[in-house]
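Chains, contacts and geometry: an overview
Chain by chain, the residues:
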Amino acid sequence: MAYQGFAQEYLGIPAVTRAYTTACVLTTAAVQLEFITPFQLYFNPDLIFRKFQIWRLITNFLFFGPLGFSFFFNMIFLYRYCRMLEEGSFRGRTADFVFMFLFGGFLMTLFGLFASLFFLGQAFTIMLVYVWSRRNPYIRMNFFGLLNFQAPFLPWVLMGFSLLLGNSIIIDLLGIAVGHIYYFLEDVFPNQPGGKKLLLTPGFLKLVFDTPEEDPNYNPLPEDQSANQPAADQDQNQQPPPQ
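Remember, predicted model here, so these are calculated numbers, not experimental data.

In this section: the overall build of the protein. A count of helices and strands for the protein gives 12 helices and 2 strands. Of the regular secondary structure in the protein, the N- to C-terminal order runs α-α-α-α-α-α-α-β-β-α-α-α-α-α. Taking as baseline every contact in the protein between residues at least 6 positions apart, the subset at least 24 positions apart corresponds to 61%. Counting every atom, the protein has about 15400 Å² of accessible surface; 64% of that belongs to carbon and sulfur.

Here it is in structure tokens:
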């Protein structure tokens, strides 16, 4: 019963959130069990383009360090805000959500070409937090019972917390910058005078991830209606022969 409850709860997680968080947990577990090492995962342009180790373009977003406080802290925020985005402003728009992943990952990878950044998962989490916070500006937040603030300040609070822990804030600033670029192009610029929507989700993503909408003006042929009608209903609709 416990297994069935866990499986039901797991399958109830939105698809993109479930896939990404599962990949992150499995990657960390594989490193902990020494099936792989972080040296096989980190972002290295020379190995990517000269040795064709293309998987590094993805794996550097999946590893958040060894098991510990930092890992669980990042996983909680990743799961929470990724799920709230997918169930909130991206509800019914899975293709658009996947496109945001690709767009954000592409910009971070470009920046990684010119900076010594080895793992970009934390920056990706901050990007998700930033987009959610800007789309929910009036929500009051509480950080460990110490600070009360409006949602748009959350990415900056997280950056300050990272600074207190002695971590570099370059990763946090990268996530905030990429999140702001996406938010501006998607939510701000199209609503300005003369503005237009620049981020258009490719059709193949919609074909793969979004279920096609039914045409309200579509009328099936009579034979299709009868074929889809239950047998009992068909018998009731048949007229009795004349006496």
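Here the focus is the UniProt feature "transmembrane region" (unreviewed entry) in the protein. UniProt's entry tags residues 57–79, 99–132 and 153–183 with the feature "transmembrane region" (unreviewed entry), counted in the numbering of this structure. Between the end C-alpha atoms of residues 99–132 there is a gap of 16 Å, over a span that is 76% helix and 0% strand.

Before going further, it helps to examine the side chain of T27. For T27, the position within the fold is in helix α2 (residues 15–32). Relative accessible area serves as the criterion here: at 11%, T27 is assigned to the buried category. Once residues within four sequence positions are removed from consideration, T27 is found in contact with I36, L41, L62 and F63.

Summarising the element assignment, D172 is placed in helix α9 (residues 170–188). A sequence separation of 52 residues divides D172 from L120, and the C-alpha atoms of the two residues are 9.7 Å apart. Among residues more than four places away in sequence, those in contact with D172 are Q122, I126, L158, M159 and S162. Within the structure, D172 has its side chain in polar contact with the side chain of Q122 (distance 3.5 Å).

Another aspect to go through is the pattern of salt bridges. Enumeration over the complete set of coordinates arrives at 6 salt bridges. Among the ionic pairs, R83 bridges to E87, the shortest N-O distance being 3.0 Å. Placement of the pair is R83 and E87 together in helix α5 (residues 69–87), with a separation of 4 residues, close to one helical turn. Exposure remark for R83: the relative accessible area of 18% places this residue in the buried category. Of the charged contacts in the structure, one is a salt bridge between R93 and D96, with a shortest N-O distance of 2.8 Å. For R93, a relative accessible area of 25% puts it in the partly exposed group.

What follows concerns the pairing of strand β1 (residues 140–143). A one-sided burial pattern is seen for β1, the buried positions being M141 and F143 and the unburied ones R140 and N142. Sheet topology note: the β1/strand β2 (residues 147–150) ladder contains 4 bridges and is antiparallel. Note on β2: the bridge partner recorded for N142 is N148. Taking the residues between adjacent antiparallel strands as the criterion, β1 and β2 are bridged by 3 residues, where F144 takes a positive phi near 55°.

With respect to the helices, strands and loops of the structure, D96 is situated in helix α6 (residues 94–112). Within polar-contact distance, the side chain of D96 engages the side chain of R93 at 2.8 Å. Leave out the neighbours within four places in its chain, and D96 touches F90, Y182, T201 and K206.

Between its first and last C-alpha, helix α7 (residues 121–135) extends 22 Å over 15 residues, near the 21 Å set by a 1.5 Å rise per residue. Among the residues of α7, those classed as buried are G121, A123, F124, T125, I126, M127, L128, V129, Y130, V131, W132 and S133.

Now for the packing of aromatic side chains. In this structure the tally under the stated criterion is 18 aromatic pairs. With centroids separated by 5.0 Å and ring planes inclined at 70°, the aromatic side chains of F97 and F101 adopt a geometry described as edge-to-face. Of this pair, F97 and F101 both sit in helix α6, 4 residues apart, which is roughly one turn of that helix. Owing to a relative accessible area of 0%, F97 belongs among the buried residues under this scheme. Through a chain of ring-to-ring contacts, three or more aromatic side chains come together here, namely F69, F73, F77, Y81, W132, F143 and F161. The positively charged end of R80 is found above the aromatic ring belonging to Y81, 5.5 Å away from the centroid.

What counts and how
- Residues numbered from 1 in each chain as written.
- Predicted model: local features only at pLDDT ≥ 70, side-chain atom pairs only at ≥ 80, totals over all residues.
- Heavy atoms only, no water.
- Helix = DSSP H or I, 4+ residues; strand = E, 2+ residues; numbered from the N terminus.
- Contact = heavy atoms within 4.5 Å.
- Areas by Shrake-Rupley, 256 points an atom, 1.4 Å probe, with all protein chains shown as cover.
- UniProt positions renumbered as here; feature names shortened; annotations may be inferred.
- Buried < 20%, exposed > 50% of the residue type's maximum accessible area, 1.4 Å probe, protein only.
- Polar contact = N/O pair within 3.5 Å; in protein donor to acceptor, adjacent residues only side chain to side chain.
- Salt bridge = Lys/Arg side-chain N within 4 Å of Asp/Glu carboxyl O.
- Pairing = 2+ DSSP bridges.
- Expected span 1.5 Å × (residues − 1).
- Phe/Tyr/Trp six-rings, centres within 6.5 Å; stacked < 30°, edge-to-face > 60°.
- Lys NZ or Arg CZ within 6 Å of the ring centre and 35° of its normal.

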